[in-house]
Amino acid sequence: MSLLLEKHLFRAASRLATLPKSHPLHPIIRRAKRHYVKRHPAPIHHLLHRTGIFDTQLPYETIDVIRRRSTFEPTFSVHIPPDKQQALEEAKRRRHAYKVRVYSDGSGIDGQIGAAAALYINGRIKGKLFYHLGKATDHTVYEAELVGVLLAQHLLRSINQPFYRATIGLDNQAVILATQNQQPKPAHYLLDAIHSESMELMKKQSRMHTPTALRQPDWQPDDRGVFDLSIHWTPGHMDFTENEDIDGDAKTAAQGFTSPANKLPALLRKHPLPRSLSAARQANLADLKKRHTEQWKKSKRYTHRMKFIDPTMPSPKFLKSISNLTRPQAAIITQLRTGHAPLNEHLHRIKRSATPNCPHCGPGFTESVRHFLIQCRHHSRARYQMYRKLKRNAYNIEYLLQAPKAFPHVIKFIRDSNRLSNIFGDLETHPPKEQEAPNAAPQQ
Ligand SMILES: [Zn+2]
């Protein structure tokens, strides 16, 4: 619970940290973050201090409340074929159909993020740009993909000849789709830069397309539809050479390689990119998970009990192993593991049973999970069925409660023993089919 609270505090603080200057709260936050006042601190002082939200070198990205109007039309078209195979064929077709092609990619490796773009004219590489964004705790691969598109457009802008069509290939559908909306989201400042860069590209081409004679004093360069720029999806890992090459280049950039500043787009030239809200939240979540594991390994619940049942907890392993069980089946397995199954030992502890003893074996025999599963002679017939399948493992309580392979047999044992049927009903061995549920076999 305390970690959950911290997670929410971080969410709130990180939202405050990304507000634009024009927001009424902005000056208040700026004042509050300077120092943690000792006398009469307000909740905002506690929040900013407690979360350490501003204890980073990079400033946070700004997430504006509104961006362009919702009817804004990008100056490029996007193309996403329905599946990988068709996308690959389209990419191959474009290899011949387009004189000017650019491929871009973003990548994360060893906790570092980088982006790259390569320009092909008539099938030959005419330029490459690299940009190292920084640590994965400050930036996301998604941002790197956006920077890749920006680099691609900048390469197109460096061409000093008019051209009529150009294509940008990248292997990330999310990025391509993101260029089509104008909602305020993390990293949208990069999308805005992409749209601006694209318009500048159109203007430059427009100037070259229009003969000098036509440029009257009141002539304005066009900023859209001058030539056909399209961004298309080239799926990764499909042996498309340009894609595999740019993937390698993006990894080089992630390892810390950046092109000379004067070759880069203006946005990337001077300052490092601001810290990403998504990356900050991901880093915070990873930290909380780590702390949770540490706290759990120190807690009594772990050192006294769970360590003996499943030392790998917490891990997704157990959830995966019960994923094909029905809800009551998963419940009983969990209860047996934690010692909360409705057997007399537990029922007596929570004052729901007068005695902790086994109803069949009587005084001197506490009805514990071990007694029920392995020792109780009353269930030996049911246990024999389990023994036939699991052999010696049927007498190994760790195996019975840990191995996913054992679960169906344990469930069958519980079913055959009839001990818990008044609580769990009929624990069918197979998940019930939706249609047949009303006709389930009557319980014995
Ligand atoms: Zn017994």
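Conventions used here
- Residues numbered from 1 in each chain as written.
- Predicted model: local features only at pLDDT ≥ 70, side-chain atom pairs only at ≥ 80, totals over all residues.
- Heavy atoms only, no water.
- Helix = DSSP H or I, 4+ residues; strand = E, 2+ residues; numbered from the N terminus.
- Rg over C-alpha atoms; globule rule 2.2 N^0.38 Å.
- Buried < 20%, exposed > 50% of the residue type's maximum accessible area, 1.4 Å probe, protein only.
- Contact = heavy atoms within 4.5 Å.
- Areas by Shrake-Rupley, 256 points an atom, 1.4 Å probe, with all protein chains shown as cover.
- Donors = N, O, S within 2.8 Å, 3.2 Å for Na, K, Ca; no water.
- Tetrahedral: all angles 85-135°; square planar, octahedral: opposite > 155°, others 65-115°.
- UniProt positions renumbered as here; feature names shortened; annotations may be inferred.
- pLDDT = per-residue confidence, 0-100.
- Salt bridge = Lys/Arg side-chain N within 4 Å of Asp/Glu carboxyl O.

Colleague: Which residues make up the overall build of the chain, and what values go with them?
Modeller: Per the secondary structure count, the chain includes 19 helices and eight strands. Its C-alpha atoms give the chain a radius of gyration of 32 Å, more than 25% over the compact-globule value 22 Å for 444 residues. The dimensions of the chain, computed from C-alpha atoms along their principal axes, are 110 × 65 × 40 Å. Residues counted as buried form 44% of the 444 residues belonging to the chain. A fraction of 67% describes how many contacts in the chain between residues 6 or more apart in sequence connect residues 24 or more apart. Counting every atom, the chain has about 25400 Å² of accessible surface; 53% of that belongs to carbon and sulfur.

Colleague: Kindly report on the coordination of the zinc ion, identifying the contributing residues and their values.
Modeller: Bound to the zinc ion are the protein donor atoms Cys358 (SG), Cys361 (SG), His371 (NE2) and Cys376 (SG), situated 2.1 to 2.3 Å from the metal. Taken together, the four donor atoms coordinating the zinc ion span angles of 105 to 114° at the metal, a pattern that classifies the geometry as tetrahedral. Within one chain, the residues serving as donors to the zinc ion are arranged as C-x2-C-x9-H-x4-C. Residue classification places Cys376 among the buried positions, given a relative accessible area of 1%.

Colleague: I'd like a rundown of the UniProt feature "domain: RNase H type-1" (unreviewed entry) in the chain, residues and numbers included.
Modeller: Residues annotated in UniProt with the feature "domain: RNase H type-1" (unreviewed entry) correspond here to residues 96–255. Regarding residues 96–255, the helix share stands at 38% and the strand share at 28%, and the terminal C-alpha atoms are separated by 33 Å.

Colleague: With reference to specific residues and values, describe the confidence of the model for the chain.
Modeller: Confidence in the prediction of the chain, expressed as mean pLDDT, is 87, and 96% of residues score 70 or more. Across residues 432–444, confidence stays below pLDDT 50; counting only partners more than four residues off in sequence or on other chains, it has seven contacts.

Colleague: An account of the pattern of salt bridges is needed here, citing residue identities and associated values.
Modeller: Counting across every chain of the model gives 16 salt bridges. A salt bridge links Asp249 to Lys128, with the shortest nitrogen-to-oxygen separation between them at 2.9 Å. Here Asp249, found in helix H8 (residues 241–254), pairs with Lys128, found in strand S4 (residues 124–135); they are 121 residues apart in sequence, far enough to count as distant. Overall, the relative accessible area of 11% leaves Asp249 in the buried class. The exposure class assigned to Lys128 is partly exposed, which follows from its relative accessible area of 33%. In this structure, Glu200 and Lys203 form a salt bridge, with 3.9 Å as the shortest nitrogen-oxygen distance. Of the two residues, Glu200 and Lys203 are both situated in helix H7 (residues 188–209); the distance of three residues between them amounts to about one turn of the helix. For Glu200, a relative accessible area of 33% corresponds to the partly exposed category. Residue class for Lys203 comes out partly exposed when judged on its relative accessible area of 26%.

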